[in-house]
Each structure stands twice: as structure tokens, then as C-alpha cells.
Amino acid sequence: DPKIIQKPKYLVAVTGSEKILICEQYLGHNAMYWYRQSAKKPLEFMFSYSYQKLMDNQTASSRFQPQSSKKNHLDLQITALKPDDSATYFCASSQERGGPYEQYFGPGTRLTVL
Amino acid sequence: AQKVTQTQTSISVVEKTTVTMDCVYETRDSSYFLFWYKQTASGEIVFLIRQDSYKKENATVGHYSLNFQKPKSSIGLIITATQIEDSAVYFCAMREGESNYNVLYFGSGTKLTVEP
């Protein structure tokens, strides 16, 4: 059974619209993260959450808003979508934040903005 | 400035041979953690191996091992007895132990092709 679920797998949106990317982890981890991977850049850290609290935000734009309704959920809301937002978005989790704990990644959501 | 640099864009090897992938990193922290991941053709990102900066011994997991050269800020990944299914993109990553210690910085990746 998959340990980290991301929905949907593929997403097509029009410029200016709003979308929510879903992430659920069943590893019992306390920390969750969002990363973005585009053709132009390597895997890029976006946010980290620990015990449902935002810990790090390295996303310049406020159009990206993480939302954690449960300990094992970390969704990503993206508003006013732009073509440059087209990328694969990966959710990850680790036992605890920081330290030696390796992060485990979900399968990703590929977002295309037209 | 990029914190993690992988200069090898792609490598091609014959199966059952050994391959080494290079990675250099940059940090001012005295404590940090280094990771290698691979991304398969399907896009799945898989954790492979970790090296803690304070450990002198090179980490080894299965047919993956690391060549940690701290004075050179270098962490190479060695894959022995390569198999066709090792074909993937390999990413080096670093997490600092003091500043921004929740952030995992990735290199740009090295594409490995293992041929029969």
C-alpha cells in the first residue's frame, strides 16, 4: 500500500484559476513538506510543517498556501495560477523535522497551467 | 549560491560494473546531513543512503556506498555491481544541522544509464 498519497496525479488548470493539491501520509511521521520540480530548476524546497505548524517557508509568493487539517495531511492551495507554476509538486514526510531524519517522497502531482 | 552541485549531467556504464557519481556541497554549519536519492523513470523519488557529517566512516547500504571527503566538501555515491534497473536520475541533497535545518537542498541530478 502506498505510504504517501498525492491527489490528483495529473492536473490541468487555466491561468488565473485556483487548485488544491492533496497529500496524505501513513508513515506516522510528524513533519511534512512540499517540494517543486520543474524543467528549469532542481527539486526546490517550498514549505515544512511540524505537528501541523508551519516551520519554514521558502516560497516567495503568497499564492501558495499550505493547509494542514490533520496531522497526516498537508494540502497545497495555489491561487491565481500562472503558466510558470507548471511543475511536478512533491509532498514528503519525515519522522521529525531537522536532524538526520531522511525524508520520504510521495509520487507527485504534475500540474500544467495553460 | 547553489549549496549542492552535481557536475556530471549523465553517465553511461555497462551492467555489473562500478560507477561513482560526484557531489560537492557548501555550508558554514559544523553539523550537517547528506543524502542521496534516486528518481526513477516513473518519477518516483526514493531515498538511498545518508551520511552524517560527524561520522568518519563512509555509509554503506546494500550495493550503495559513499565516499565522504569532508575537507573537500565532497560526498560521492558509489554503486557496485550495477544493474539495468539502477538506471535513474540520482540526486545529492544536504540538510544543515544549525541554520535552516528543516530545508533539504538538492543538486541538479546525474542521469545514470546502465546498459547490457
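The rules behind these values
Residues numbered from 1 in each chain as written. Chains lettered and ligands numbered in written order. Predicted model: local features only at pLDDT ≥ 70, side-chain atom pairs only at ≥ 80, totals over all residues. Heavy atoms only, no water. 1 Å grid on protein atoms, 1.4 Å probe; cavity = no way out; pocket = protein on both sides within 12 Å on 5 of 7 lines; lining within 4 Å. Points joined across faces, edges and corners; volume = space filled by probe spheres on them. Nonpolar A, V, L, I, M, F, W, Y, C, P; charged D, E, K, R; others polar. Salt bridge = Lys/Arg side-chain N within 4 Å of Asp/Glu carboxyl O. Helix = DSSP H or I, 4+ residues; strand = E, 2+ residues; numbered from the N terminus. Buried < 20%, exposed > 50% of the residue type's maximum accessible area, 1.4 Å probe, protein only. Contact = heavy atoms within 4.5 Å. Polar contact = N/O pair within 3.5 Å; in protein donor to acceptor, adjacent residues only side chain to side chain. Phe/Tyr/Trp six-rings, centres within 6.5 Å; stacked < 30°, edge-to-face > 60°. Lys NZ or Arg CZ within 6 Å of the ring centre and 35° of its normal. Pairing = 2+ DSSP bridges.

(A) Highlighting empty space enclosed by the protein. Residues and elements named next belong to chain A. As enumerated under the stated definition, the model contains one cavity of 30 Å³ or more in all. Roughly 30 Å³ of internal volume is contained in the largest cavity. As for the largest cavity, its lining consists of Asn 30, Ala 31, Met 32, Tyr 49, Tyr 51, Gln 52, Ser 68, Lys 70, Lys 71 and His 73. Looking at side-chain class alone, the lining of the largest cavity contains four nonpolar, four polar and two charged residues.

(B) Seen up close, the pattern of salt bridges. As enumerated under the stated definition, the model contains six salt bridges over all chains in all. Where Lys 3 of chain B meets Glu 96 of chain B, a salt bridge forms, and the shortest distance between an N and an O atom there is 3.1 Å. Of this pair, Lys 3 of chain B sits in the segment before β1 (4-5) while Glu 96 of chain B sits in strand β10 (residues 88-96); the two residues are 93 residues apart in sequence, bridging distant segments of the chain. Among the residues examined, Lys 3 of chain B registers a relative accessible area of 24% and is labelled partly exposed. Across the salt bridge formed by Lys 55 of chain B and Asp 52 of chain B, the nearest N and O atoms sit 3.7 Å from each other. The class of Lys 55 of chain B is partly exposed, set by a relative accessible area of 37%. A single salt-bridge network, built from bridges that share partners, covers Glu 102 of chain A together with Arg 50, Asp 52 and Lys 55 of chain B.

(C) A look at the environment of Ser 31 of chain B. Residues and elements named next belong to chain B. Looking at the element boundaries, Ser 31 is found in the loop between β4 (24-25) and β5 (32-39). Residue Ser 31 is classed as partly exposed on the basis of its relative accessible area, which comes to 23%. In this view, Ser 31 contacts Ser 53, Glu 96, Gly 97 and Glu 98; residues no more than four positions away in its chain are not counted.

(D) Representation of unusual backbone geometry. All names here are of chain A. With an omega of -10°, the peptide bond between Lys 7 and Pro 8 qualifies as cis. The residue Pro 8 is located in the loop between β1 (4-7) and β2 (10-13) in this model. Look at Gln 52: it is not a glycine, yet its phi comes out positive at around 70°. Its place among the elements puts Gln 52 in the loop between β5 (44-50) and β6 (53-57). Judged by relative accessible area, Gln 52 falls into the partly exposed class, the value being 36%.

(E) Quick look at the side chain of Asp 85 of chain A. Mapped onto the secondary structure, Asp 85 of chain A falls in the loop between β8 (75-78) and β9 (87-94). Contacts of Asp 85 of chain A, omitting those with residues within four sequence positions, involve Arg 63, Phe 64, Ile 78, Ala 80, Leu 111 and Val 113 of chain A.

(F) A look at the side chain of Gln 8 of chain B. Mapping Gln 8 of chain B onto the fold places it in the loop between β1 and β2 (10-14). A polar side-chain atom of Gln 8 of chain B sits 2.6 Å from the main-chain amide nitrogen of Asp 22 of chain B.

(G) Representation of the packing of aromatic side chains in the model. In total, this model carries 16 aromatic pairs over all chains according to the counting rule given. Ring centres of Tyr 25 of chain B and Tyr 32 of chain B lie 5.1 Å apart, and the angle between their planes is 50°; on these two criteria the pair is classed as tilted. The class of Tyr 25 of chain B is buried, set by a relative accessible area of 6%. For Tyr 32 of chain B, a relative accessible area of 5% corresponds to the buried category. These aromatic residues form a ring-pair network of at least three members: Tyr 33, Tyr 35, Phe 45, Phe 90, Tyr 104 and Phe 105 of chain A together with Phe 35, Tyr 37, Phe 47, Phe 91 and Phe 106 of chain B. Here Arg 36 of chain A stacks its cationic end above the ring of Phe 64 of chain A, 5.2 Å away from the centre of that ring.

(H) The arrangement of the pairing of strand β8 (residues 64-69) of chain B in detail. Residue and element names in this part refer to chain B. In terms of strand pairing, strand β7 (residues 60-61) meets β8 through two bridges, oriented antiparallel. Considered in β8, the bridge of Val 61 is made with Tyr 64. Linkage of β7 to β8, two consecutive antiparallel strands, is achieved through a turn of two residues, within which Gly 62 is found at a positive phi near 60°. Bridge count between β8 and strand β9 (residues 74-79): six bridges; the pairing is antiparallel. Among the inter-strand pairings, Asn 67 is bridged to a residue of β9, identified as Gly 76. Here β8 folds back onto β9, and the loop between the two strands holds four residues, one of which, Ser 73, carries a positive phi near 50°.

Worth remembering: the numbers are spatial, not functional.
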